Amino acid sequence: MNPIIEFCISNMANGSQEAFDILEQDTNLDVLEYGCLSYCTTCSMGLYCLVNGDIVEADTSEELVQKVYEYIEENPMF
């Protein structure tokens, strides 16, 4: 089972699109986009995504990608 990475389309429009594109190319991840993830305050404050249901936040797309991989390494699914 692959880690699930979820993006809000509004947050992608605000700058996390590049992170989505990079992570989507990793065949060891299931990367999904939704119209809204209902984290509007978080979404309005900066870039974020959900990793296995937990919020991961960053200031840039590059940092978001790095934090996603760090989260997965620190929180293995098995």
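Residues numbered from 1 in each chain as written. Predicted model: local features only at pLDDT ≥ 70, side-chain atom pairs only at ≥ 80, totals over all residues. Heavy atoms only, no water.

As annotated in an unreviewed UniProt entry, the protein is YuzB family protein from Chungangia koreensis.

## Details of the packing of aromatic side chains
Applicable threshold: Each Phe, Tyr or Trp ring (for Trp, its six-membered ring) is paired with any other whose centre lies within 6.5 Å, and the angle between the two planes then decides the class: stacked below 30 degrees, edge-to-face above 60, tilted in between. Starting at the N terminus, helices and strands are each numbered in turn, a helix being any DSSP run of H or I of at least four residues and a strand any DSSP run of E of at least two. Each residue's exposure class comes from its accessible area (1.4 Å probe, protein chains only) as a fraction of the maximum for that residue type: buried when under 20%, exposed when over 50%, partly exposed otherwise.
In total, this model carries two aromatic pairs according to the counting rule given. With 5.4 Å between their ring centres and 85 degrees between their planes, phenylalanine 7 and phenylalanine 20 make a pair best called edge-to-face. Here phenylalanine 7 is found in strand E1 (residues 4-8), whereas its partner phenylalanine 20 is found in helix H1 (residues 9-24), with 13 residues between them in sequence. Phenylalanine 20 carries the same exposure label as phenylalanine 7, and that label is buried. Ring geometry for tyrosine 39 versus tyrosine 48: centroids 6.2 Å apart, planes at 65 degrees, classification edge-to-face. The class for tyrosine 48 is buried, based on a relative accessible area of 1%.

## Quick word on the sheet that holds E1
This is how the line gets drawn: In this description, strands pair whenever DSSP reports at least two bridges between them. Orientation is described by lines fitted to C-alpha atoms, with helices fitted over the stretch in contact, and by angles between N-to-C directions that extend from 0 to 180 degrees.
Spatial strand order, E2-E1-E3-E4: four strands in an open sheet with mixed pairing. If you trace the sheet from one side to the other, it starts and ends with strand E2 (30-34) and strand E4 (54-58), each paired once. Neighbour-to-neighbour, the strand axes of this sheet turn through a mean angle of 30 degrees, independent of strand direction. In the sheet, E1 pairs with E2 via five bridges, with the strands oriented parallel.

## Brief notes about the nonpolar core
Heads up, the condition is: We call a set of buried Ala, Val, Leu, Ile, Met, Phe, Trp, Tyr and Cys residues a nonpolar core when their side-chain atoms join them within 4.5 Å. Any two residues having at least one pair of non-hydrogen atoms within 4.5 Å are treated as being in contact.
If you look at the biggest cluster of nonpolar residues, it comprises 17 residues, and the most contacted ones within it are Ile5, Phe7, Leu23 and Leu64. Mapped onto this core, the elements with two or more residues apiece are E1, H1, strand E3 (47-51), E4 and helix H3 (61-74). Beyond its immediate stretch of four places on either side in the chain, isoleucine 5 contacts Leu23, Leu29, Asp30, Val31, Leu32, Cys49, Leu50, Val51, Val68 and Ile72. Residues Cys8, Leu37, Tyr48 and Leu50 belong to the second largest nonpolar core, which totals five residues.

## A closer look at the pairing of E1
Under the convention used in this document: Consider the strands pointing away from the viewer: the crossover is right-handed when the path from the first strand over the helix to the second runs clockwise.
In terms of burial, E1 is a largely internal element, four of the five residues being buried. Between the parallel elements E1 and E2, the chain passes through H1 in a crossover that is right-handed. Across two bridges, E1 lies against E3 in antiparallel orientation. What sits directly across from isoleucine 5, in E3, is valine 51.

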